[in-house]
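# Chains, contacts and geometry: an overview
Each chain, letter by letter, is given below.
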Amino acid sequence: MYIIAGLGNPSREYKNTRHNIGFDVVDIIADKYGIDVSTAKHKALVGKGMIGAEKVILVKPQTFMNLSGESLIDVCNYYKIDIENELIVIYDDIALDVGAIRVRKSGSAGGHNGMKSIINHLGTDKFMRVRMGVGDKPKGYDLADYVLGHFTKEERELMDEASIHALKAVEIIISQSIEDAMNTFNKKNSKES
């Protein structure tokens, strides 16, 4: 079983913002696999389904981004999963160019408050993640205003393509391995060192 969690903020005002790209990817996965993600449980909206031969739980925490860990620890404990090998978190990352994605087995929060909360609540940074590049904030911008802002038309096109890549990355992790997904998607085309 896999828990696939996309990070974002609940409520209509945050829909389609940079910070909600994790929710967007979960919605794409749900649409493709016919999974209804509308059951309110574990401080989240959740849905159960199958990707290939694997049972999956799709999760959209409803705690607001900075408290995402409260929801995910509850889900992980309830389903008694192996966090290192059965949890996949999808989230926005300003350290990557718009439309870039990176697949990782572990790592720091990198200044992302949702990831800080998750690492703090789980007590480990060893879990799989798909990082979605939303670009660095322009000079003079407030970070919160930037990540809670909407994509330009051009950025949205890049993010729609990146979201399909994120879906494929999740499929590869589940059907093959995290290493195969990393080899497929971790190309050097970002500001990341």
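Relevant structure appears above.
Residues numbered from 1 in each chain as written. Predicted model: local features only at pLDDT ≥ 70, side-chain atom pairs only at ≥ 80, totals over all residues. Heavy atoms only, no water.

## Let's talk about unusual backbone geometry
So the rule is basically this: Where helices and strands are cited, they refer to DSSP runs of H or I of at least four residues and of E of at least two residues respectively, numbered from the N terminus. Three exposure classes are used, based on accessible area relative to the maximum for each residue type with a 1.4 Å probe and protein chains only: buried under 20%, partly exposed in between, and exposed over 50%.
Phi is positive for S11, close to 90 degrees, though the residue is something other than glycine. Mapped onto the fold, S11 is located in the loop between strand 1 (2-6) and helix 1 (21-33). The backbone phi angle of H42 is positive, close to 60 degrees, even though this residue is not glycine. Here H42 is to be found in the loop between strand 2 (39-41) and strand 3 (44-51). Since its relative accessible area comes to 10%, H42 is described here as buried.

## Side note on the sheet that holds strand 2
Keep this limit in mind: For two strands to count as paired, DSSP must find a minimum of two bridges between them. Axis geometry follows a simple rule: fit a line to the C-alpha atoms, using only the stretch in contact for helices, then measure angles between N-to-C directions, giving values from 0 to 180 degrees. In what follows, a contact means two residues having at least one pair of non-hydrogen atoms within 4.5 Å.
Read across the open sheet, the seven strands follow the order 2-3-4-1-5-7-6; overall the sheet is mixed. The two strands at the open ends of the sheet, each matched to only one other strand, are strand 2 and strand 6 (101-104). Between one strand axis and the next, the sheet turns through 25 degrees on average, direction left out of account. Bridge count between strand 1 and strand 4 (residues 54-61): four bridges; the pairing is parallel. Note that in strand 4 the partner of I3 across the bridge is I57. Against the sheet, helix 6 (residues 153-175) engages strand 1, strand 3, strand 4, strand 5 (87-93), strand 6 and strand 7 (128-133), with an angle of about 170 degrees to strand 7. Against the sheet, helix 7 (residues 178-185) engages strand 6 and strand 7, with an angle of about 155 degrees to strand 6.

## Structural notes on the packing of aromatic side chains
Our working definition: Only centres within 6.5 Å qualify two rings of Phe, Tyr or Trp (six-membered ring in Trp) as a pair; their planes then separate them into stacked at under 30 degrees, edge-to-face at over 60, and tilted for everything else. A ring is scored as having a charge over it whenever the NZ atom of a lysine or the CZ atom of an arginine sits within 6 Å of its centre and within 35 degrees of its normal.
Applying the stated rule across the entire model yields three aromatic pairs. The interplanar angle of 85 degrees and the centroid separation of 4.9 Å between the aromatic rings of Y78 and Y79 together place this pair among those described as edge-to-face. Measuring from centroid to centroid gives 6.3 Å for Y141 and Y146, while their planes differ by 90 degrees, and the two rings are edge-to-face. Exposure remark for Y141: the relative accessible area of 47% places this residue in the partly exposed category. For Y146, a relative accessible area of 5% puts it in the buried group. In this arrangement the basic side chain of R129 is found over the ring face of F127, its NZ or CZ atom lying 4.4 Å from the centre.

## Focus on the packing of helix 2 (residues 68-79) against helix 4 (residues 113-122)
Rules: To sort the angles, those under 35 degrees are grouped as roughly parallel, those over 145 as roughly antiparallel, those from 65 to 115 as roughly perpendicular, and the leftovers as oblique. A crossing counts as left-handed when the near helix is turned anticlockwise from the far one by less than a right angle, and as right-handed when that turn is clockwise. When residues are grouped by polarity, Ala, Val, Leu, Ile, Met, Phe, Trp, Tyr, Cys and Pro land in nonpolar, Asp, Glu, Lys and Arg in charged, and all others, Gly among them, in polar.
The N-to-C vectors of helix 2 and helix 4 enclose an angle of 40 degrees; their axes lie 7 Å apart at closest approach. The angle between helix 2 and helix 4 places the two elements in the oblique class. Here helix 2 runs over helix 4; the crossing is right-handed. Packed against helix 2, whose contacting residues are S68, G69, E70, L72, I73 and C76, the element helix 4 presents G114, S117, I118, H121 and L122 at the interface. Counted by class, the contact of helix 2 with helix 4 contains five nonpolar, five polar and one charged residues.

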